[in-house]
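Survey of secondary and tertiary structure
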Amino acid sequence: MFYEAQKLRKSKTENHKKSNGDNDFKGYMKCAICGKAYTYKKTPYNVYWMCSTARTKGKKYCKSKQVLDSNVKEEVVSILNTNSFNKNEFIKKIKTIVVHKSNKLVFELIDGTSKKYLWEHDSRANSWTEEMKEKARIKALDRNKGGI
Ligand SMILES: [Zn+2]
């Protein structure tokens with residue numbers, strides 16, 4: 001009995017940990033072009049959100065752009081007026097994040113209002129140094145070797 005209760009508590013803690021991970025916006029982000037969900041994509045240095053159509057079928061089927069996770073988080077922090085990203089506040093106040101063309105995000109709030117945000121184009125090019133690119137390239141090569 002005691003053991004069962006402990007196990008339950010443990011799995012609850014683990015769920016909580018997961019919710020603070022990289023996929024905080026899972027189920028919240030939507031593509032304005034094709035209507036499909038945005039899914040998260042992790043690279044060695046960044047986390048992106050990308051339309052599932054563009055990801056699985058290719059850019060030919062959906063010309064949406066990927067968004068940096070940190071850009072979305074930054075904006076959520078400013079909308080919610082918190083010091084850092086707060087998942088609980090996010091769930092309480094934000095309903096959907098719609099990714100439009102021209103680098104536009106629209107945050108639809110539970111209270112019926114919405115907020116627009118334009119993110120910087122191609123921030124990856126500015127933040128990635130040559131060294132980081134090289135490391136990522138080597139890592140990708142390693143993965144390919146082991147994968148097939
Ligand atoms: Zn799409």
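1. What about helix α3 (residues 69-80)?
Helix length check: α3, at 12 residues, gives a terminal C-alpha distance of 16 Å against a target of 16 Å (1.5 Å per residue), a fit within 8%. Considered for burial, the residues of α3 that qualify are D69, V72 and V76. Seen along its axis, α3 keeps its buried residues to an arc of 65°; they face one direction. Next to the buried residues of α3 lie β2 (38-42), β3 (47-51), β4 (67-68), α4 (87-93), β5 (94-100) and β6 (104-109). Just downstream of α3, N81 is the residue with a positive phi angle, here 60°.

2. Section: the sheet that holds β5
Sheet architecture is open: 4 strands sit in the order β1-β5-β6-β7, paired in mixed fashion. Of all the strands in the sheet, the pair left with one neighbour each is β1 (29-31) and β7 (114-118). Each strand axis lies, on average, 25° off the axis of its neighbour in the sheet, ignoring direction. The pairing of β5 with β6 spans 6 bridges and is classified as antiparallel. Along β6, the bridge assignment pairs T96 with E108. Taken strand by strand, α3 contacts β5, β6 and β7, and its axis lies near 40° from that of β6.

3. Remarks on the sheet that holds β4
Sheet strands pair by backbone hydrogen bonding; their relative direction is either parallel or antiparallel. Judged by pairing direction, the sheet is antiparallel, and its 3 strands sit side by side in the order β2-β3-β4 without closing on themselves. Sheet topology places β2 and β4 at the edges, where each strand pairs with a single neighbour. Inspection of the sheet shows β2 paired to β3 by 5 bridges, in the antiparallel sense. Across the sheet, residue K41 finds its bridge partner in β3, namely Y48.

4. Digging into the nonpolar core
The biggest cluster of nonpolar side chains holds 19 residues, and the ones touching the most others in it are M29, Y38, W49, V72, I97 and V99. For this core, the elements supplying multiple residues, two or more each, are β1, β3, α3, β5 and β6. Among the elements that line this core, the one with the most residues is β3, at 4 residues. Each residue touching M29, except ones within four places of it in the same chain, is listed here: A37, Y38, W49, I97 and V99.

5. Description of the pairing of β7
Note: β6 against β7, 5 bridges, orientation antiparallel. Pairing of F107 across the sheet is with K115, part of β7. In this antiparallel pair of consecutive strands, β6 and β7, the connection spans 4 residues, and G112 shows a positive phi of 95°.

6. Section: unusual backbone geometry
The phi torsion at N81 lies on the positive side, around 60°, for a residue other than glycine. Its location among the elements puts N81 in the loop between α3 and α4. What makes N81 exposed here is the crowd of 9 C-beta atoms within 10 Å. Positive phi is not limited to glycine here, since N103 has a value of about 55°. Its location among the elements puts N103 in the loop between β5 and β6.

7. Looking at the pairing of β3
Where burial is concerned, most of β3 is hidden: 4 out of the 5 residues are buried. In this structure, the hairpin formed by β2 and β3 is closed by a connection of 4 residues. Note: β3 against β4, 2 bridges, orientation antiparallel. Within β4, the residue paired with W49 across the bridge is V67.

Cut-offs used in this document
- Residues numbered from 1 in each chain as written.
- Predicted model: local features only at pLDDT ≥ 70, side-chain atom pairs only at ≥ 80, totals over all residues.
- Helix = DSSP H or I, 4+ residues; strand = E, 2+ residues; numbered from the N terminus.
- Expected span 1.5 Å × (residues − 1).
- Buried ≥ 20, exposed ≤ 12 C-beta atoms within 10 Å, placed from the backbone.
- Arc of directions from axis to C-beta.
- Contact = placed C-beta atoms within 7 Å.
- Pairing = 2+ DSSP bridges.
- Axes fitted to C-alpha atoms, helices over the stretch in contact; angles between N-to-C directions.
- Core = buried A, V, L, I, M, F, W, Y, C linked by C-beta atoms within 7 Å.

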